[in-house]
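# Results of the structural survey
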Amino acid sequence: MKLLTQSPTEPNFVQNPYAFYEKIRQQGPLVYWEDYAMPCAISHELVSSIFRDRRFGREVPPEQAKAHPPHLEAFYRIEAHSMLELEPPRHTRLRSLVLRAFTTRRIKALSGDITSLCHEQIDAFPDEPFDLMHAMAAPLPVRVICRLLGVPEEMGPQLLGWSNAMVSMYQARRTPEIESAAATASQEFSDYIRSYIDERRKTPSDDLLSELIAAEEAGERLSTDELITTCILLLNAGHEATVHSFGNGVKTLLEYNTPASAFAPDAIDKTVEEIFRYDPPLHMFTRYAYETIDIAGHRFQRGDEVALLLGAANRDPAVWKDPAVFDPTRCIQTNTSFGGGLHFCVGAPLARLELSIALPILFDACPGLHIVEPPQYANVYHFHGLERLMVSR
């Protein structure tokens, strides 16, 4: 396995990680990234197969689990009940209960809300140049999630602040200050959701939180701690990916002078899927090996980690012709942006729905929309999203 070095916080890499991906792709489907001290799967085939391989998983083998530092207790107390971090049988139970409430019908029912919220955000655009991330990309998804869960919309900015602080724990440039902010946000977020769950138990409503409280399968229900974590997970993951997909997508659409035909009802699904493929909001997911496994010429031992490079897999020339080119007319082929296997993102249908509604409305309302400053990606790898997107209409 080829050994390669690349700082994940180096400015040029942060702005364009794809150059590095193309360099390492020439070394085979699996390379060793020394900065992360683990093998990395690059090809679409290998990334997809590891996602589906039950011999790999998200949960650290129990004999290798380490005690968490006391100052991060509040953060890891939430993580302990996260579907994202668990394997069967706990994952199976939690996911099945959540999916009983988070149904296709409930997601589709949000279409009207998403439409009205898009118009509200666009109507508030200023006449002078403005940051689209602040004006639409960030507030829209959190408002949608608030309406979905039944949380007051006026809490949106606070929820966004807590979420950003917690999600920062996963980036490459983690610092003691980031850890402290994440722990504080975790405690405050948890306390707020707990009090809101108590309120909803007394006065159920027609919202996802009430449905989650009532969800039952084979006599099983979500505990209060599981409910808290699930709500926080849906808020964090549910808006984080959509914010950056929207920002990255609008940037790309404008840079490519994408024609209006790409937003037509019979074309928008392809456009949205190409956005997720071309410049995804998450570039790396890790898995642990649960037994001795030989893959791509490398032997994994139990407890070894492997990084799945989603941004690289989505530009695999073995799957997509001219993968470095944005083409909204491509036939849809499964990309890796939403993961795969047991952990395929439960929020993927909502993310697709939001973009498929928001983009046509935005470009219809602002046909002259254009970028006025070079966009800059935030230094938060393995996430990949814009710090701001200065535009004018």
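The rules we used
- The residue count restarts for each chain, going from 1 along the sequence in the order it is written.
- Local features are withheld for residues below a pLDDT of 70 in this predicted model, meaning they are given only at 70 or higher, and side-chain atom pairs are given and counted only at 80 or more; totals for whole chains, interfaces and linings count all residues.
- With hydrogens and water excluded, all non-hydrogen atoms of the structure serve as input to the side-chain values.
- Buried residues are those whose accessible area, probed at 1.4 Å on protein chains only, stays under 20% of the maximum for their type, while exposed residues exceed 50% and partly exposed ones sit between those limits.
- Only DSSP runs of H or I reaching four residues or more are called helices, and only runs of E reaching two or more are called strands; each is numbered from the N terminus.
- At least two DSSP bridges between two strands are needed for those strands to be called paired.
- The salt bridge definition used is simple: a Lys or Arg side-chain nitrogen within 4 Å of an Asp or Glu carboxyl oxygen.

Of all eleven residues making up helix α14 (residues 268-278), nine are buried, and the element is well covered by its neighbours. If you check which residues of α14 are buried, you get Ile 268, Thr 271, Val 272, Glu 273, Glu 274, Ile 275, Phe 276, Arg 277 and Tyr 278.

Our next topic: the sheet that holds strand β5 (residues 130-131). As summarised here, the arrangement of the three strands in space is β5-β13-β10, forming an open sheet in which the pairing is antiparallel. Both outer strands of the open sheet, β5 and β10 (370-371), are each paired with one neighbouring strand and no more. In this sheet, strand β13 (residues 390-392) lies alongside β10 in antiparallel orientation, the contact comprising two bridges. Bridge assignment links His 370 to a residue of β13, and that residue is Ser 392.

With that settled, consider the pattern of salt bridges. For the coordinates displayed, the defined rule picks out 23 salt bridges. Across the pair Arg 77 and Glu 73 runs a salt bridge, and its minimum N-O distance is 3.7 Å. On the criterion of helical spacing, the pair formed by Arg 77 and Glu 73 is a turn pair, its members being four residues apart in helix α4 (residues 73-79). Here the salt bridges do not stand alone but share partners, grouping Asp 113, Glu 120, Arg 143, Arg 147 and Glu 153 into one network.

Time to look at unusual backbone geometry. The step from Pro 88 to Pro 89 runs through a cis peptide bond, and the omega angle for that step is 5°. By secondary structure assignment, the location of Pro 89 is in the loop between α4 and α5 (90-101). For Ala 37, which is not glycine, the phi dihedral falls at a positive 55°. With respect to the helices and strands, the residue Ala 37 is situated in the loop between β2 (30-33) and β3 (38-41). Look at Asn 257: it is not a glycine, yet its phi comes out positive at around 45°. Checked against the element boundaries, Asn 257 lands in the loop between α13 (224-255) and α14. A residue is classified by how much of its surface remains accessible, and Asn 257, at 65% relative accessible area, is exposed.

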